[in-house]
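A structural walkthrough
Take a look at the letters that make up each chain.
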Amino acid sequence: MSMRRRYKMRPSRDCKRGGIQKGPYKGRYTSLQTLIKGLYKVRAMLKDYPILLMPSHRSYLDFLLMSYVFYHYDLPLPVIAAAMDFMGMKFFGWLLRNSGAFYIRRSFGDDQLYWAVFTEYVQTHICNGDSPIEFYVEGTRSRTQKSLPPRIGMLSASLEPYFKANVPDIMVVPISISYDRVLEERLYAYELLGVPKPKESASGVFKARSILSEDFGNVHIFIGAPRSIRTFSVSEVDRTAHSTSPRYIASLTIQEQALVHKLSYDVTLQQIRNMAISPWSIIAAVLLQNMDGIPLKQLLKEVEWLKRQASNLGAYIDWPVNESGEAVLKHNIYIHKNIARLSADHIVELIADDSAAQQSDDHLMTSAAMEMMVCLYRNQLLNVFVRVALITIPINSCDKETLPISELRSQYSLLEKLLNREFIFMPSQTNQDFEMALASLTNTCGVVIENESVLIKKSTNKYTTFFSQMFEPFLMGYWVMCRYLLSMQSGAHGKPLVKLPKAISKEAQILSARLLREGHLKHKEILSLDMMNNSLHALYHLGAIHKEKRQGASYMYPNLMVLSRITEDISKFIEVPPLPQTTINMETKTVTVNAKL
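What comes next is a walk through the structure. (Residues numbered from 1 in each chain as written. Predicted model: local features only at pLDDT ≥ 70, side-chain atom pairs only at ≥ 80, totals over all residues. Heavy atoms only, no water.)

1. Here's the deal with the overall build of the protein
Helix and strand counts for the protein come out as 22 helices and 19 strands. Put simply, the protein has 597 residues, and 52% of those count as buried. Counting contacts in the protein only where the partners sit at least 6 residues apart, residues at least 24 apart contribute 74% of the total. Just so you have it, the protein exposes about 28100 Å², and 53% of that area is on carbon and sulfur atoms. (Helix = DSSP H or I, 4+ residues; strand = E, 2+ residues; numbered from the N terminus. Buried < 20%, exposed > 50% of the residue type's maximum accessible area, 1.4 Å probe, protein only. Contact = heavy atoms within 4.5 Å. Areas by Shrake-Rupley, 256 points an atom, 1.4 Å probe, with all protein chains shown as cover.)

2. Let's talk about the environment of Tyr-188
With respect to the element layout, Tyr-188 can be found in helix H7 (residues 185–192). Judged by its relative accessible area of 0%, Tyr-188 is buried. Between the C-alpha atoms of Tyr-188 and Ala-369, which are 181 residues apart in sequence, the distance is 9.0 Å.

3. Describing unusual backbone geometry
Positive phi is not limited to glycine here, since Ser-428 has a value of about 65°. By the element assignment, Ser-428 lies in the loop between helix H16 (405–418) and helix H17 (430–444).

4. Brief notes about the nonpolar core
By size, the foremost hydrophobic cluster in this structure holds 131 residues, and its most contacted members are Phe-467, Phe-471 and Leu-485. Per-element accounting of this core gives the leading share, 21 residues, to helix H15 (residues 363–397). Not counting residues up to four positions away in its chain, the partners in contact with Leu-485 are Ile-504, Leu-536, Leu-539, Ile-545, Pro-558, Leu-560 and Leu-563. Core analysis: the next-biggest nonpolar cluster, separate from the first, contains 32 residues, Phe-102, Val-237, Leu-263 and Val-267 among them. (Core = buried A, V, L, I, M, F, W, Y, C linked by side-chain atoms within 4.5 Å.)

5. Here we look at helix H5 (residues 112–128)
Between the first and last C-alpha of H5 there are 24 Å, a value that for 17 residues agrees with the 24 Å anticipated at 1.5 Å per step. Three or more residues of H5 are buried, namely Tyr-114, Phe-118, Thr-119, Val-122, Gln-123, Ile-126 and Cys-127. Here the buried face of H5 lies against strand S1 (51–55), strand S3 (101–104), strand S4 (133–134) and helix H6 (153–163). (Expected span 1.5 Å × (residues − 1).)

6. Side note on the sheet that holds strand S15 (residues 453–455)
Pairing is antiparallel in the open sheet, where three strands are placed in the order S13-S15-S14. Where the open sheet ends on each side, the last strands, each with one partner, are strand S13 (402–404) and strand S14 (449–450). Two elements, S14 and S15, share two bridges in a ladder whose sense is antiparallel. Opposite Ile-449, over in S15, you have Val-454 as the bridge partner. (Pairing = 2+ DSSP bridges.)

7. As for the packing of H15 against H17
For the pair H15 and H17, the least separation of the axes is 9 Å and the interaxial angle reads 75°. With respect to H17, the axis of H15 lies roughly perpendicular. For the pair H15 and H17, the contacting residues are Arg-387, Val-388, Ile-391 and Thr-392 in the first and Asp-433, Phe-434, Ala-437, Leu-438, Ser-440 and Leu-441 in the second. The class makeup of the residues in the contact of H15 with H17 is six nonpolar, two polar and two charged. (Axes fitted to C-alpha atoms, helices over the stretch in contact; angles between N-to-C directions. Parallel < 35°, antiparallel > 145°, perpendicular 65-115°, else oblique. Nonpolar A, V, L, I, M, F, W, Y, C, P; charged D, E, K, R; others polar.)

8. A word on the side chain of Ser-512
By the element assignment, Ser-512 lies in helix H20 (residues 501–517). Those residues in contact with Ser-512, other than ones at most four positions away along the chain, are Val-480, Ile-526, Leu-527 and Met-532.

9. Re the packing of aromatic side chains
Taken as a whole and assessed by the stated rule, the structure comprises 12 aromatic pairs. Ring geometry for Phe-423 and Phe-474: centres 5.4 Å apart, planes at 70°, overall edge-to-face. Of the two residues, Phe-423 is situated in the loop between H16 and H17 and Phe-474 in helix H19 (residues 462–486); the sequence distance between them amounts to 51 residues. According to the relative accessible area criterion, Phe-423 is buried, its value standing at 1%. Since its relative accessible area comes to 2%, Phe-474 is described here as buried. Among the aromatic residues, ring-to-ring pairing joins Trp-305, Phe-385, Tyr-463, Phe-466 and Phe-467 into one connected group. Arg-141 extends its terminal NZ or CZ atom over the ring of Tyr-60, reaching a point 3.7 Å from the ring centre. (Phe/Tyr/Trp six-rings, centres within 6.5 Å; stacked < 30°, edge-to-face > 60°. Lys NZ or Arg CZ within 6 Å of the ring centre and 35° of its normal.)

10. Some details on empty space enclosed by the protein
Taken as a whole and judged by the stated rule, the model has two cavities of 30 Å³ or more. Secondary-structure elements contributing two or more residues to the lining of the largest cavity are H15 and helix H21 (529–541). When residues of the lining of the largest cavity are assigned to their parent elements, the largest contribution, four residues, is made by H15. Grouping the constituent residues of the lining of the largest cavity by class yields six nonpolar, three polar and four charged. (1 Å grid on protein atoms, 1.4 Å probe; cavity = no way out; pocket = protein on both sides within 12 Å on 5 of 7 lines; lining within 4 Å. Points joined across faces, edges and corners; volume = space filled by probe spheres on them.)

11. Some details on the pattern of salt bridges
In total, this model carries 20 salt bridges according to the counting rule given. Between Glu-185 and Arg-181 there is a salt bridge, with its nearest N and O atoms 3.1 Å apart. Relative accessible area serves as the criterion here: at 3%, Glu-185 is assigned to the buried category. Taken together, the salt bridges that share partners define one network made up of Arg-181, Glu-185 and Glu-214. (Salt bridge = Lys/Arg side-chain N within 4 Å of Asp/Glu carboxyl O.)

12. Remarks on the environment of Glu-401
Here Glu-401 is to be found in the loop between H15 and S13. Taking C-alpha positions, Glu-401 is 9.4 Å from Lys-458, a pair spaced 57 residues apart along the chain. Here Glu-401 is in contact with Val-454, Leu-455, Ile-456 and Lys-457, once residues within four sequence places are set aside.

13. Some details on the sheet that holds strand S9 (residues 294–295)
Backbone-to-backbone hydrogen bonds join strands into a sheet, with any given pair of strands oriented parallel or antiparallel. The three strands are arranged S9-S12-S11 in an open sheet whose pairing can be described as antiparallel. Looking at strand neighbours, the two that pair on one side only are S9 and strand S11 (340–342), the edges of this open sheet. Both S11 and strand S12 (residues 347–350) contribute to a ladder of three bridges, which runs antiparallel. Across the sheet, residue Ala-340 finds its bridge partner in S12, namely Leu-350.

14. Considerations on the pairing of S12
Taken residue by residue, a regular strand's side chains alternate between the two faces of the sheet. The pairing of S9 with S12 spans two bridges and is classified as antiparallel. Within the sheet, the bridge partner assigned to Ile-294 lies in S12 and is Val-348. If you look at the hairpin formed by S11 and S12, you'll find four residues sitting between the two strands, and His-346 has a positive phi there, around 60°.

15. Topic: the layout of surface pockets
Empty space among the atoms becomes visible once a probe the size of a water molecule is rolled across them. The computed volume of the largest pocket comes to approximately 1300 Å³. In this structure, the largest pocket is lined by 31 residues; those nearest its centre are Thr-140, Arg-151, Arg-421, Asp-530 and Asn-533. Mapped onto the lining of the largest pocket, the elements with two or more residues apiece are H7, H20 and H21. With seven residues, the top contributor of residues to the lining of the largest pocket is H21. Its residues assigned to classes, the lining of the largest pocket comprises eight nonpolar, 10 polar and 13 charged.

Okay, here's the thing in structure tokens:
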């Protein structure tokens, strides 16, 4: 392995002053010292090992932030894997390339030559380069501000030199980046509702420069503990398997593929654990359960209660200790003045997007876009509570006096499988997660267990109710998808007609809009096409949907027996509107929907 250069850490004058932070919260916590400590670790490793920087991906700004920080601290700029979309941008495409970026397709398909060239290029950087390589394990920006399931293509190509003994070790560095206010919040909200993403262009950047005059709060960067692949793979893989095959053949063993899959989830979960959660995320969670407005003092009381619960579960809340709670709330409402306001009567309420409403005849979609923006920030908090919520949902919906732990465990497992595209769960760790979440609820949230059963009446309280209500929209959205699939028309042989996944998601969204207009549902975030797509994926893996290929495209149709059972299971967890019922004749194995949706 070639000798690597030595780099001196020399922070710029702005960074010494804490120039990354702005406004009344400047210097309120030791994030700058934590960042410098993480950068020192990277600097020390650069001398000896290839480094993979793996930040979370929430905004376009993620591309620039790590380069900005590395430049200020006199470290080599990372080599960034960027999508082809940016290459066509005048000036900016050239600027990114000369700053170390290289452009790749979003999908390689069956192009073996492209994959071979790409792999060789990446591995040459790893074996001979002096700069760290930066890429996003999620593959694309998260429009919902929740972590996306990891994609392992780039990670597999990057770790192959270690598996083939071309390098002694590779260091993987998870990085968590979070924003008080996301630059693309409005764009994301409309994308989730189905408005196409505008094409990246230099003219678009210049047209949008006026928003830079607004206050977007702080950006939080946390450089996590580096992962040594040599240590991570001890007793997991046998590298001698490659000694008998030519080095130019790009292939990983089954054990190596499993290790890469496990590592990708480990990195993503580290990103989630190290994410700084802003006070606005907690405020948004409370406002979504008080859509008609809430007095400032009551909001402060609820926010401080929820902050304590999040802290008990290990979350890092970016809450300034030298400011009063009321001042923190007012400051965050000011930053998000396009979403919420404080009235003269000291009522905090969400505001309507009047400008969008004038341009659109569909009031439901414009109001849904505003609610979706609030949901984006609430979503940052959901990763903290998701495991305890998957226990409180069955407890809160149980109509019996006791709930056996074994039955609760099976319901937890079902909910985890159902929501595994919405939230990140480590594969094969369901039992450990269940035990830890149940212990948290019994120790801090008043859940009572006797004789291996949960006492429902004693355990149902504010904790179980609030946690359950935060996740109710997801279950409601999945239930609507199930009901739409059950109502799909049958073909000539009684088999449901096959449809493209995009068509199914769009038509389920139309059904959701109709139910909202008729007053059957209240959560506008179920209009999210991302939620519809995730529900399709989950139902497919649960066997409730079949998939078949036709002329190179994937078509789907429901497995009515399994789908009907899952629909019934979901309806036990939440209160669903009275819609036409589906019945199954087990003898003839037929499904009947009493009326079309």
